Amino acid sequence: MRLLFLRRMSFVDLASLRIKYKSEKEIFLESSIERKEPISLFRSWMQDACETPEIIEPNAMCLATATKDAVPSARFVLLKDVTAEGFTFFTNYESRKADELAENPNVALAFYWLPLRRSVRIEGVAERISRDASETYFHQRPRASQIGALASPQSKPIPSREFLDKKEKGIIAELAPDREVPLPNWGGYLVRPKAIEFWQGQTNRLHDRIRFRKDTKPDETVDGVLLHQGEEGWVYERLAP
């Protein structure tokens, strides 16, 4: 079966795959940004994504972490909150991502909303949120999800799927229907952004890229030509595709 699959794949010319993006009438211009700061713009784009039926999970994002030796890894998680402070997601504090965050808090996030031909990239530093905030969110989750988090030693080797199923059943039997699920070693991270880039695809491949960032280099000048002064301490610039 695998050999048949590989043979079928060999007929696919990946280099020729193309889809249409935006037209010249739909260019993403700086003038279209109502407030020159990235959080309100992100919320607007996220709202568009949430209102697009073809996008099943608009808050899915790729989270990239790295070890202290800069060895990277990436996986998809769900964004659960966005505020002026940053972007929040939740995970097991004993997972691989949590281990890497303990060594190196620098992270990158990426959203891709294909039907809108839009993507957002975020670079920043992750920090744990308070236990109280994590516990509040944990108990808002469906009970089955709470039990699943308690049952799973995330990222650790396990002998079989049956191991997880037995552990889950044991927890269900122990708690009964009325006992609160205890918070495992699990909680949230807040990613405080240093740079946020908004990308919109153009069919002619002259894609639009506008990046907001907090930091400027010592030799940089906010000249209003290449680098522009934004709001809330942000500067912004257009990048070549």
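Refer to the preceding data block for the structure.
Throughout, a residue's number is its position along its own chain's written sequence, starting from 1. pLDDT decides what is reported in this predicted model: residues at 70 or higher carry local features, side-chain atom pairs at 80 or more are listed and counted, and totals for whole chains, interfaces and linings draw on all residues regardless. Side-chain numbers come from the whole structure's heavy atoms, not from hydrogens or water.

Colleague: If you had to explain a nonpolar patch on the surface to someone new, which residues and values would you point to?
Modeller: Residues enter patches when they are more than 30% accessible in relative terms and free of salt bridges; like-charged ones are connected within 9 Å and nonpolar ones (Val, Leu, Ile, Met, Phe, Trp, Tyr) within 5 Å. Using the Shrake-Rupley algorithm and a 1.4 Å probe, accessible areas are obtained, with residue cover drawn only from the displayed protein chains. In what follows, salt bridge is the name for a side-chain nitrogen of Lys or Arg lying within 4 Å of a carboxyl oxygen of Asp or Glu. Judged by side-chain polarity, Val 12, Leu 14 and Leu 17 come together as a nonpolar surface patch covering roughly 290 Å² of accessible area. In DSSP terms, a helix is any run of H or I states spanning at least four residues, a strand is any run of E spanning at least two, and both are numbered starting from the N terminus. If you trace the backbone, Leu 14 turns up in the loop between helix 1 (2–10) and helix 2 (38–50).

Colleague: Give me the pairing of strand 8 (residues 208–213): which residues, what numbers.
Modeller: The buried fraction of strand 8 amounts to five of the six residues, a majority that puts the element mostly inside the structure. We treat two strands as partners when DSSP finds at least two bridges between them. The sheet contact formed by strand 7 (residues 186–200) and strand 8 spans six bridges and is antiparallel. In the strand pairing of strand 8, Ile 196 is matched with Phe 212. Of the strand pairs in this sheet, strand 8 and strand 10 (residues 235–238) are connected by four bridges, and their pairing is antiparallel. Residue pairing across strands places Arg 213 opposite Val 235, the latter belonging to strand 10. Buried means the residue's accessible area, taken with a 1.4 Å probe over protein chains only, is under 20% of the maximum for its type, while exposed means over 50%, and partly exposed covers the values in between.

Colleague: Let's hear about the pattern of salt bridges: which residues, and what values?
Modeller: One pass over the full model with this rule turns up 19 salt bridges. Where Glu 237 meets Arg 211, a salt bridge forms, and the shortest distance between an N and an O atom there is 2.7 Å. Of this pair, Glu 237 sits in strand 10 while Arg 211 sits in strand 8, placing them 26 residues apart in sequence. Judged by its relative accessible area of 27%, Arg 211 falls in the partly exposed class. Put simply, Arg 35, Glu 37, Glu 231 and Glu 232 are held in one network by salt bridges that share partners.

Colleague: Let's hear about a negative patch on the surface: which residues, and what values?
Modeller: As used throughout, the charge tally considers Lys and Arg to be positive and Asp and Glu to be negative, leaving His and the chain termini uncounted. By convention, charge coordinates are those of NZ in Lys, CZ in Arg, CG in Asp, or CD in Glu. A cluster of acidic side chains, namely Asp 69, Glu 94, Asp 99 and Glu 103, defines a negative patch on the protein surface. Looking at the element boundaries, Glu 94 is found in the loop between strand 4 (87–92) and helix 3 (96–103).

Colleague: Could you give an account of the packing of helix 5 (residues 143–151) against helix 6 (residues 161–175), naming the residues involved and the relevant values?
Modeller: Note on definitions: angles span 0 to 180 degrees between N-to-C directions of axes, and those axes are lines fitted to C-alpha atoms, for helices only across the stretch in contact. One way to put it is that helix 5 packs onto helix 6 with a least axis distance of 9 Å and a crossing angle of 120°. Of the possible angle classes, the one that applies to helix 5 and helix 6 is oblique. In this structure, helix 5 meets helix 6 at a crossing whose hand is right-handed. Residue-level inspection shows Arg 143, Ile 147, Leu 150 and Ala 151 of helix 5 in contact with helix 6, the latter providing Leu 164, Lys 167, Glu 168, Ile 171, Ile 172 and Leu 175. If an angle is under 35 degrees, it is roughly parallel; if it is over 145, roughly antiparallel; if it lies from 65 to 115, roughly perpendicular; otherwise it is oblique. Each helix crossing is assigned a hand: it is left-handed if the near helix lies turned anticlockwise from the far helix by less than a right angle, otherwise right-handed if that turn is clockwise. Pairs of residues are marked as contacts when any of their non-hydrogen atoms sit within 4.5 Å.

Interpretation in functional terms is not warranted from these geometric data alone.
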